[in-house]
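Structure at a glance
Take a look at the letters that make up each chain.
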Amino acid sequence: MPRGTSDHLKFYELCCLFCCPPCPTHIAAKLAFVPPERTYALMESDESKSNYTLYLNRNSECQITKEELKMIEVFYTRTSKGNQIACMYVKCSPHAKHTILFSHGNAVDLGHMSSAIIGLGSRINCNIFSYDYSGYGESEGKPSEKNLYADVDAAWHALQTRYAVRPENIILYGQSIGTVPTIDLASKYEVGGVILHSPLTSGMRVAFPNTKRTWFFDSFPSIEKVPKVTAPVLVIHGTNDEIIDFSHGQAIYERCPRAVEPLWVEGAGHNDIELYGQYVERLCKFINEELGT
């Protein structure tokens, strides 16, 4: 995606804005939500219909051993919008001090992410709680911006209620579109820390890179919410990101009141930051040295 280099919108962009301004839900649908073909199922494991087991299908394209499966607990919780969403808790370490509340990127679900989550949690010594957005995987409803915020809020409360994790020991981690609910939640609650992996500033700024202000009809206005985040924030972005331009990460970093040193991964794109050695190293430093807890 080309970077915005001008403070002015082009003529055709102004026409789009003022002649037929896009509805926020249309921006969100166009830019963000591409639910994949379901990669898993939650199967009832007893007659009480309250305990479930994760079953991956051929679409998941990942392997989980029987021992790793024992680390995973899956269940449903209900959002304020009435949707039942799928949740997954991975106990990666019996002595973990922190739990990551992970909001994943687009075009994946919990089945896709299960193996990666296990690997990440084991490497950074954190337990990880994740969930599927409304309309993704086994979660009910349809993807929308309002549902996105309700989904993460339900996950936040389920993590504390079910596992008695204290807010100061929760690290919010959002990747790509997952940074939207992460920033929204972090702007409302006190948390231990925040990790923003390839964040976006707003929907309009992705669609029209030259946009310099937040319009009333904009979607995902994270750039306006991030100044309210009081926890330490680590921003991670690839300099060659072809989906969400590197400038978005820079702008988010500059607006964070308690941002730590960011990780700008030279040459990395949107989907390969995890392959760079400094990625895990930087996460460990943030969790073990910079949170101050």
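Residues numbered from 1 in each chain as written. Predicted model: local features only at pLDDT ≥ 70, side-chain atom pairs only at ≥ 80, totals over all residues. Heavy atoms only, no water.

This is how the line gets drawn: UniProt positions are given in the numbering used here, feature names are shortened, and annotations may be inferred rather than shown by experiment.
Within an unreviewed UniProt entry, the label attached to the protein reads palmitoyl-protein hydrolase, and the organism entered is Araneus ventricosus. Taken directly from UniProt, the Catalytic activity (unreviewed entry) text for the protein runs: "S-hexadecanoyl-L-cysteinyl-[protein] + H2O = L-cysteinyl-[protein] + hexadecanoate + H(+)". According to UniProt, the comment filed for the protein under the heading Sequence similarities (unreviewed entry) is "Belongs to the AB hydrolase superfamily. ABHD17 family."

1. What about the overall build of the protein?
The line we're drawing: The secondary structure listing takes helices from DSSP runs of H or I that are at least 4 residues long and strands from runs of E that are at least 2 residues long, numbered from the N terminus. Burial classification: accessible surface area is computed with a 1.4 Å probe over protein chains only, and a residue below 20% of its type maximum counts as buried, one above 50% as exposed, and the rest as partly exposed. Here the Shrake-Rupley method, with its probe set to 1.4 Å, supplies the accessible areas, and only the displayed protein chains count as covering residues.
For the protein, the count of helices and strands is 10 helices and 10 strands. Taking all 293 residues of the protein together, the buried fraction comes to 54%. Looking at the protein as shown, the accessible area adds up to about 13500 Å², and 51% of this sits on carbon and sulfur atoms.

2. Looking at the side chain of Asn-169
The condition that has to hold: What makes two residues a contact is simply this: any of their non-hydrogen atoms within 4.5 Å.
As for its position among the elements, Asn-169 is in the loop between helix H5 (145-163) and strand S7 (170-175). Once residues lying within four places of it in the same chain are set aside, the contact partners of Asn-169 are Lys-97, His-98 and Thr-99.

3. Looking at the packing of aromatic side chains
Operational definition: Centres within 6.5 Å make a pair out of two Phe, Tyr or Trp rings, where for Trp the six-membered ring is used; the pair is then stacked when the planes are under 30 degrees apart, edge-to-face when over 60, and tilted otherwise. Only when the NZ atom of a Lys or the CZ atom of an Arg is both within 6 Å of the ring centre and within 35 degrees of the ring normal do we say a charge sits over the ring.
Applying the stated criterion to the full structure yields 12 aromatic pairs. Measuring from ring centre to ring centre gives 6.1 Å for Phe-33 and Phe-220, while their planes differ by 85 degrees; the resulting arrangement is edge-to-face. In this pair, Phe-33 is assigned in the loop between helix H2 (24-31) and strand S1 (40-44) and Phe-220 in the loop between helix H7 (203-207) and helix H8 (222-225), connecting sequence segments 187 residues apart. An angle of 55 degrees between the planes, with centres 6.3 Å apart, marks the rings of Phe-75 and Tyr-163 as tilted. One end of the pair, Phe-75, is in strand S3 (residues 72-78); the other, Tyr-163, is in helix H5, with 88 residues separating them in the sequence. The burial state of Phe-75 is the same as that of Tyr-163; both residues are buried. Aromatic rings pair up to connect Phe-75, Tyr-89, Phe-129 and Tyr-163 into one cluster. Positioned above the aromatic ring of Phe-75 is the side chain of Arg-162, whose terminal nitrogen or guanidinium carbon lies 3.9 Å from the ring centre.

4. Some thoughts on the pattern of salt bridges
Here is the rule: Salt bridges, as used here, are contacts in which a Lys or Arg side-chain nitrogen is within 4 Å of a carboxyl oxygen on Asp or Glu.
Summed over the entire model, instances satisfying the criterion amount to 9 salt bridges. For Glu-138, the salt bridge is made with Arg-38, and the minimal N-O distance between the two is 3.0 Å. Within this pair, whereas Glu-138 is found in the loop between strand S6 (127-131) and H5, its partner Arg-38 is found in the loop between H2 and S1, the two being separated by 100 residues in sequence. Glu-138 sits in the buried class, given a relative accessible area of 19%. Residue classification places Arg-38 among the partly exposed positions, given a relative accessible area of 43%. Residues Glu-168 and Arg-166 are paired through a salt bridge, measuring 2.5 Å at the closest nitrogen-oxygen approach.

5. Re helix H10 (residues 277-290)
This is how it is decided: How far a helix is expected to stretch is found by multiplying one less than its residue total by 1.5 Å. When we speak of the arc, we mean the arc of directions from the helix axis to the C-beta atoms.
In this model, H10 (14 residues) spans 19 Å end to end at C-alpha, consistent with the 20 Å of a helix rising 1.5 Å per residue. Of the residues making up H10, those classed as buried are Tyr-279, Val-280, Arg-282, Leu-283, Phe-286 and Ile-287. For H10, the angular spread of the buried residues around the axis is 165 degrees, confining them to a single face. Exposed side of H10, more than 90 degrees from the buried face: Gly-277, Glu-281, Asn-288 and Glu-289 are the residues found there. Of the surrounding elements, those touching the buried residues of H10 are helix H4 (110-124), S7, strand S8 (193-197), strand S9 (233-238) and strand S10 (263-265).

6. Remarks on H4
Rules: The angle separating two fitted axes, one through the seven residues that finish at a residue and one through the seven that start at it, defines the bend at that residue. For this analysis, a polar contact is any N or O atom pair within 3.5 Å, provided that within protein one partner can donate a hydrogen and the other can accept it, and provided that sequence-adjacent residues contribute only side-chain to side-chain pairs.
Over its 15 residues, H4 runs 20 Å from end to end, which matches the ideal 21 Å to within 8%, given 1.5 Å per residue. The largest bend in H4 comes to about 30 degrees, at Ala-116. Two or three places before Gly-111, at the start of H4, stands the capping residue Asp-109, its side-chain oxygen 3.0 Å from that residue's backbone nitrogen. Positive phi appears at Asn-125, one or two residues downstream of H4, with a value of about 60 degrees.

7. Remarks on the packing of H4 against H10
Threshold: Note on geometry: axes are lines fitted to C-alpha atoms, helical ones only across the stretch in contact, with angles between N-to-C directions running from 0 to 180 degrees. Should an angle fall under 35 degrees it is called roughly parallel, over 145 degrees roughly antiparallel, and 65 to 115 degrees roughly perpendicular, with every other angle called oblique. Rotating anticlockwise by less than a right angle from the far helix to the near helix defines a left-handed crossing, while the corresponding clockwise rotation defines a right-handed one. Gly is placed with the polar residues, together with every amino acid not listed as nonpolar (Ala, Val, Leu, Ile, Met, Phe, Trp, Tyr, Cys and Pro) or charged (Asp, Glu, Lys and Arg).
One can describe the packing of H4 onto H10 by two numbers: an axis separation of 10 Å at closest approach and a directional angle of 55 degrees. In this view, H4 runs oblique relative to H10, as classed from their interaxial angle. When you trace H4 past H10, the crossing you get is right-handed. Two secondary-structure elements touch here, H4 through Leu-120, Arg-123 and Ile-124 and H10 through Tyr-279, Val-280, Leu-283, Cys-284 and Ile-287. The residue inventory of the contact of H4 with H10, partitioned by class, reads 7 nonpolar, no polar and 1 charged.

8. Observations concerning the packing of H5 against helix H6 (residues 179-186)
Relative orientation of the contacting elements H5 and H6 amounts to 60 degrees, with a least axis distance of 9 Å. Crossing of H5 against H6: the hand is right-handed. Here Leu-148, Tyr-149, Val-152, Asp-153 and Trp-156 of H5 lie close against H6, whose contacting residues are Val-180, Pro-181, Asp-184 and Leu-185. For the contact of H5 with H6, a count of residues per class yields 7 nonpolar, no polar and 2 charged.

9. Remarks on the confidence of the model for the protein
The cut-off we apply is this: pLDDT expresses how confident the predictor is about each individual residue, on a scale running from 0 to 100.
For the protein, per-residue confidence averages 89 on the pLDDT scale, and residues scoring 70 or more make up 87% of the total. Considering only residues more than four positions removed or in separate chains, one finds that residues 1-23, a stretch of pLDDT under 50, has 39 contacts.

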